[in-house]
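This is what each chain is made of:
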Amino acid sequence: NAGVMQNPRHLVRRRGQEARLRCSPMKGHSHVYWYRQLPEEGLKFMVYLQKENIIDESGMPKERFSAEFPKEGPSILRIQQVVRGDSAAYFCASSPPKGMNTEAFFGQGTRLTVV
Amino acid sequence: AQTVTQSQPEMSVQEAETVTLSCTYDTSENNYYLFWYKQPPSRQMILVIRQEAYKQQNATENRFSVNFQKAAKSFSLKISDSQLGDTAMYFCAFGADSGTYKYIFGTGTRLKVLA
């Protein structure tokens, strides 16, 4: 059973370009969470999605950031018109429906560098 | 709102010795979970240990144990017989028993095990 898969592991974008980060949850997991880790900081919650639904986006910046988790395929975190301050590690976590476990499983993260 | 505080940015310990990492949190919830995650240089988030707030008994996983003081809102991690492979960032995290895996992370403690 493969773990949570994130790709790419490293992504370099110039200011103003778009960044697309992908997350494939563990088999059988229908819930996905995105977190951002700025240098020398802890992970900060961004958004929680179930298949085809955004459940909680209270941690998402209001502009330029969006997330989706389609019925088929991976979850995508999209950052438009990237700026230097978007440079960070972005982690995805997945879980089964609540009640079946008490932890989420994390991917290895995507390190985004904006130059 | 919940908060998690780790007041030790860096710590070091001699191989085979014991070290304790501190974590305090604030919440008005009665049911919740607390976690310690290890993040080695590979950036993978590895769950070290988990504590359910309704359990009075402190969790233990091999060389890792916690001292959970619910009234004091304290959740420290003790690593016994430290090994070089324990060198990593350690994050304390809070998860409300709210039906989601939206975690609040502390800022981390960088632990270095010395040979």
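Residues numbered from 1 in each chain as written. Chains lettered and ligands numbered in written order. Predicted model: local features only at pLDDT ≥ 70, side-chain atom pairs only at ≥ 80, totals over all residues. Heavy atoms only, no water.

Asks: Which parts of the structure should I look at to understand the packing of aromatic side chains?
Replies: Aromatic ring pairs are defined here through the distance separating the ring centres and the angle between the ring planes. The final tally for this structure, using the stated rule, is 18 aromatic pairs over all chains. Pairing B:Tyr25 with B:Tyr32 gives two aromatic rings, centres 5.4 Å apart and planes at 65 degrees, and the pair type is edge-to-face. A single burial state applies to B:Tyr25 and to B:Tyr32, both of which are buried. Within the aromatic cluster, the residues linked to one another by ring pairs are A:Tyr35, A:Phe45, A:Phe106, B:Tyr33, B:Phe35, B:Tyr37, B:Phe91, B:Tyr103 and B:Phe105. (Phe/Tyr/Trp six-rings, centres within 6.5 Å; stacked < 30°, edge-to-face > 60°. Buried < 20%, exposed > 50% of the residue type's maximum accessible area, 1.4 Å probe, protein only.)

Asks: Is there a simple way to think about the state of the cysteines in this case?
Replies: A covalent bond between the sulfur atoms of two cysteines is what we call a disulfide. One pass over the structure, following the stated rule, counts 2 disulfides over all chains. A disulfide bridge connects A:Cys23 with A:Cys92, and the sulfur atoms are separated by 1.8 Å. An S-S torsion of about -50 degrees defines the bridge between A:Cys23 and A:Cys92 as left-handed. Remark: A:Cys92 occurs in strand 9 (residues 88-95) and A:Cys23 occurs in strand 3 (residues 19-24); sequence separation between them is 69 residues. Across this residue pair, the class does not change: A:Cys23 and A:Cys92 are buried. A sulfur-sulfur distance of 2.0 Å marks the disulfide that ties B:Cys23 to B:Cys92. Across the S-S bond linking B:Cys23 and B:Cys92, the dihedral sits near -70 degrees, which makes this disulfide left-handed. Taken together, the positions of B:Cys23 in the loop between strand 3 (19-21) and strand 4 (24-26) and B:Cys92 in strand 10 (residues 88-96) put the pair 69 residues apart, joining distant regions of the chain. The pair B:Cys23 / B:Cys92 is uniform in exposure class, with both members buried. (Disulfide = S-S within 2.5 Å. Helix = DSSP H or I, 4+ residues; strand = E, 2+ residues; numbered from the N terminus.)

Asks: Explain the side chain of A:His29 here, please?
Replies: Residue and element names in this part refer to chain A. With respect to the helices, strands and loops of the structure, His 29 is situated in the loop between strand 3 and strand 4 (31-37). Judged by its relative accessible area of 12%, His 29 is buried. A distance of 3.3 Å separates a polar atom in the side chain of His 29 from the backbone nitrogen of Ser 95. When sequence neighbours within four positions are dropped, the list of residues in contact with His 29 reads Ser 94, Ser 95, Pro 96 and Phe 105. (Polar contact = N/O pair within 3.5 Å; in protein donor to acceptor, adjacent residues only side chain to side chain. Contact = heavy atoms within 4.5 Å.)

Asks: Can you walk me through the pairing of strand 5 (residues 32-39) of chain B in this structure?
Replies: On any regular strand, side chains alternate: one points to one face of the sheet, the next to the other face. All names here are of chain B. Most of strand 5 sits inside the fold, with 8 of its 8 residues counted as buried. Side chains Tyr 32, Leu 34, Trp 36 and Lys 38 of strand 5 all project onto a buried face; the interleaved residues Tyr 33, Phe 35, Tyr 37 and Gln 39 project onto the opposite face, where all are buried too. Sheet topology places strand 5 next to strand 10; 8 bridges connect them, and they run antiparallel. What sits directly across from Tyr 37, in strand 10, is Phe 91. Here strand 5 runs beside strand 6 (residues 46-52); their pairing, made up of 6 bridges, is antiparallel. (Pairing = 2+ DSSP bridges.)

Asks: Whenever I open this one, the sheet that holds strand 3 of chain A confuses me. Can you help?
Replies: Within a sheet, neighbouring strands are paired by backbone hydrogen bonds and run either parallel or antiparallel to one another. Residue and element names in this part refer to chain A. Strand order in this open sheet of 4 strands is 1-3-8-7, and the pairing throughout is antiparallel. Lying at the two open borders of the sheet, with one neighbouring strand each, are strand 1 (5-7) and strand 7 (65-68). Within the sheet, the average angular offset between the axes of one strand and its neighbour, ignoring direction, is 15 degrees. Sheet analysis places strand 7 next to strand 8 (residues 75-79), joined by 4 bridges and oriented antiparallel. When the bridges of strand 8 are listed, Glu 68 appears paired with Ile 76. (Axes fitted to C-alpha atoms, helices over the stretch in contact; angles between N-to-C directions.)

Asks: Hey, could you run me through the pattern of salt bridges in this one?
Replies: Close approach of charged atoms allows side chains with opposite charge to pair. For the structure shown, the criterion picks out 10 salt bridges over all chains. Here B:Lys102 ties to A:Asp56 by a salt bridge, and the two come within 3.1 Å at their closest N and O atoms. A residue pair is termed interchain when its members come from two chains, as with B:Lys102 in the loop between strand 10 and strand 11 (103-105) and A:Asp56 in strand 6 (residues 53-56). Sharing partners across several salt bridges, the network here consists of A:Glu18, A:Arg20 and A:Arg78. (Salt bridge = Lys/Arg side-chain N within 4 Å of Asp/Glu carboxyl O.)

Asks: So what exactly am I meant to see when it comes to the nonpolar core here?
Replies: Across soluble globular proteins, nonpolar side chains show a tendency to be buried alongside one another. Judged by nonpolar contacts, the single largest core of 26 residues is most densely connected at B:Tyr25, B:Trp36, B:Phe75, B:Leu77 and B:Tyr90. Of all the secondary-structure elements, those providing two or more residues to this core are strand 3, strand 5, strand 6, strand 8 (64-69), strand 9 (74-79), strand 10 and strand 12 (109-114) of chain B. Core analysis: the next-biggest nonpolar cluster, separate from the first, contains 23 residues, A:Ala19, A:Cys23, A:Phe65 and A:Phe69 among them. (Core = buried A, V, L, I, M, F, W, Y, C linked by side-chain atoms within 4.5 Å.)

Asks: Quick question: what am I supposed to make of the environment of B:Ser76 here?
Replies: Residues and elements named next belong to chain B. Mapping Ser 76 onto the fold places it in strand 9. In this structure the C-alpha to C-alpha distance between Ser 76 and Ser 22, which are 54 residues apart in sequence, comes to 4.5 Å. Setting aside anything within four residues of it in sequence, one finds Ser 76 in contact with Thr 20, Leu 21, Ser 22, Cys 23, Trp 36, Ser 65, Val 66 and Asn 67.

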